[in-house]
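Observations on the model geometry
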Amino acid sequence: MNHPKQLIDKRELTRLVKYSPQHIARLEKAGQFPKRIRLGQNRVAWLLSEIEAWIEERLQRRGSIDAI
């Protein structure tokens, strides 16, 4: 992760995480997804490093489930 402060918008996020924006919002509200950063009145973004860490965590879980 060479980009700890790189921001991505909703379009980029949904390319990385194949969830709808509505599902992402539900996960955020439940504390199960990295929180968005409000950039302006109508603009939000996410830290790419946090999204990558979230994906990596799921990959590690998958590995531990497969080992059972």
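Here, every reference points to the structure presented above.
The rules behind the values
Residues numbered from 1 in each chain as written. Predicted model: local features only at pLDDT ≥ 70, side-chain atom pairs only at ≥ 80, totals over all residues. Heavy atoms only, no water. Phe/Tyr/Trp six-rings, centres within 6.5 Å; stacked < 30°, edge-to-face > 60°. Helix = DSSP H or I, 4+ residues; strand = E, 2+ residues; numbered from the N terminus. Buried < 20%, exposed > 50% of the residue type's maximum accessible area, 1.4 Å probe, protein only. Contact = heavy atoms within 4.5 Å.

Aromatic ring pairs: the centre-centre distance and the angle between the two ring planes describe each pair. Applying the stated criterion across every chain, the model contains 2 aromatic pairs. Both rings, one in Tyr19 and one in Trp54, keep their centres 6.1 Å apart while their planes meet at 75°; by these two values the pair is edge-to-face. Of this pair, Tyr19 sits in the loop between helix H1 (10-16) and helix H2 (21-29) while Trp54 sits in helix H3 (residues 48-66), and the two are 35 residues apart along the sequence. Among the residues examined, Trp54 registers a relative accessible area of 10% and is labelled buried. With centroids separated by 4.8 Å and ring planes inclined at 65°, the aromatic side chains of Phe33 and Trp54 adopt a geometry described as edge-to-face. With a gap of 21 residues between them, Phe33 in the loop between H2 and strand E2 (37-40) and Trp54 in helix H3 connect regions that are remote in the sequence. Taking relative accessible area as the criterion, Phe33 reaches 5% and is therefore assigned buried.

This part is about the side chain of Glu28. You can see Glu28 is positioned in helix H2. With near-sequence residues (within four places) excluded, Glu28 lies in contact with Phe33, Pro34, Lys35, Arg36 and Trp46.

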